[in-house]
Amino acid sequence: MLFMIVEHYKDGDPVPVYQRFRERGRLAPDGLTYISSWVDEPLERCFQVMEASDRRLVEEWIAQWSDIVDFEVVPVITSAEASARVPRGVEPPKD
């Protein structure tokens, strides 16, 4: 499963997050794989894609960071997977 994780740095402060990362690494448990990430321009939030077979691995990872980061976790699928789920010829709803 893929997860889009939005990290909100507490008090909008990225310094504690980057310090911990530089000192201790990602702190991800075995089975949780980092895919990629992006950070907003003011350095207040990180958008990260992670992969795991079990959401509990995401929760275990979050526990290592929750003192300095607030998290939103959204299970996601790829655009190709979404397209495959939508039957061809189906019209979108009209307002």
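Provided above is the structure to which this section pertains.
First, a word on what this report is: a plain description of the structure on this page. (Residues numbered from 1 in each chain as written. Predicted model: local features only at pLDDT ≥ 70, side-chain atom pairs only at ≥ 80, totals over all residues. Heavy atoms only, no water.)

## Notes on the pattern of salt bridges
Piece 1. Inspection of the entire model under this criterion finds 5 salt bridges.
Piece 2. Residues D40 and R45 are paired through a salt bridge, measuring 3.2 Å at the closest nitrogen-oxygen approach.
Piece 3. Residue D40 is classed as buried on the basis of its relative accessible area of 12%. (Salt bridge = Lys/Arg side-chain N within 4 Å of Asp/Glu carboxyl O. Buried < 20%, exposed > 50% of the residue type's maximum accessible area, 1.4 Å probe, protein only.)

## Some points on the sheet that holds strand β1 (residues 2–9)
Piece 1. Strand order in the open sheet made by the 4 strands is β2-β3-β1-β4, with antiparallel pairing throughout. Lying at the two open borders of the sheet, with one neighbouring strand each, are β2 (33–39) and β4 (69–76). Direction aside, the axes of adjacent strands within the sheet are offset by 20° on average.
Piece 2. Pairing geometry for β1 and β4, over 8 bridges, is antiparallel. Note that in β4 the partner of E7 across the bridge is F71.
Piece 3. Along the sheet, helix α2 (residues 55–63) makes contact with β1, β3 (45–51) and β4, crossing β4 at roughly 165°. (Pairing = 2+ DSSP bridges. Helix = DSSP H or I, 4+ residues; strand = E, 2+ residues; numbered from the N terminus. Axes fitted to C-alpha atoms, helices over the stretch in contact; angles between N-to-C directions. Contact = heavy atoms within 4.5 Å.)

## Overview of the side chain of D40
Piece 1. Structurally, D40 is set in the loop between β2 and β3.
Piece 2. Ignoring sequence-local partners within four residues, the contact set of D40 consists of R45 and F47.

## Considering α2
Helical periodicity: at 3.6 residues per turn, an α-helix aligns residues three or four positions apart in one direction.
Piece 1. Taken together, the buried positions of α2 are occupied by L57, V58, W61 and I62. Across the axial projection of α2, the buried residues extend over an arc of 140°, all falling on one side. With respect to the buried face of α2, the exposed residues turned more than 90 degrees away are R56 and A63.
Piece 2. Of the surrounding secondary structure, the elements contacted by the buried residues of α2 are β1, β3 and β4. (Arc of directions from axis to C-beta.)

## Remarks on the nonpolar core
Piece 1. Core analysis: the largest hydrophobic core is formed by 17 residues, its most contacted members being I5, L32, V58, W61 and F71.
Piece 2. Those elements giving two or more residues to this core turn out to be β1, β3, α2 and β4.
Piece 3. When residues of this core are assigned to their parent elements, the largest contribution, 4 residues, is made by α2.
Piece 4. Apart from the residues within four sequence positions on either side, W61 is in contact with I5, E7, R26, L27, A28, P29, L32, Q48, M50 and F71. (Core = buried A, V, L, I, M, F, W, Y, C linked by side-chain atoms within 4.5 Å.)

## Digging into the packing of aromatic side chains
Piece 1. Across all of its chains, the model carries 2 aromatic pairs by this definition.
Piece 2. Measuring from centroid to centroid gives 6.4 Å for Y9 and Y18, while their planes differ by 75°, and the two rings are edge-to-face.
Piece 3. Accessibility expressed as a relative area gives 5% for Y9, which makes it buried.
Piece 4. What makes Y18 partly exposed here is its relative accessible area of 29%.
Piece 5. An angle of 65° between the planes, with centres 5.5 Å apart, marks the rings of W61 and F71 as edge-to-face. Taken as a pair, W61 in helix α2 and F71 in strand β4 lie far apart in primary sequence, 10 residues in all. (Phe/Tyr/Trp six-rings, centres within 6.5 Å; stacked < 30°, edge-to-face > 60°.)

Treat this as a map of the structure, not an account of what it does.
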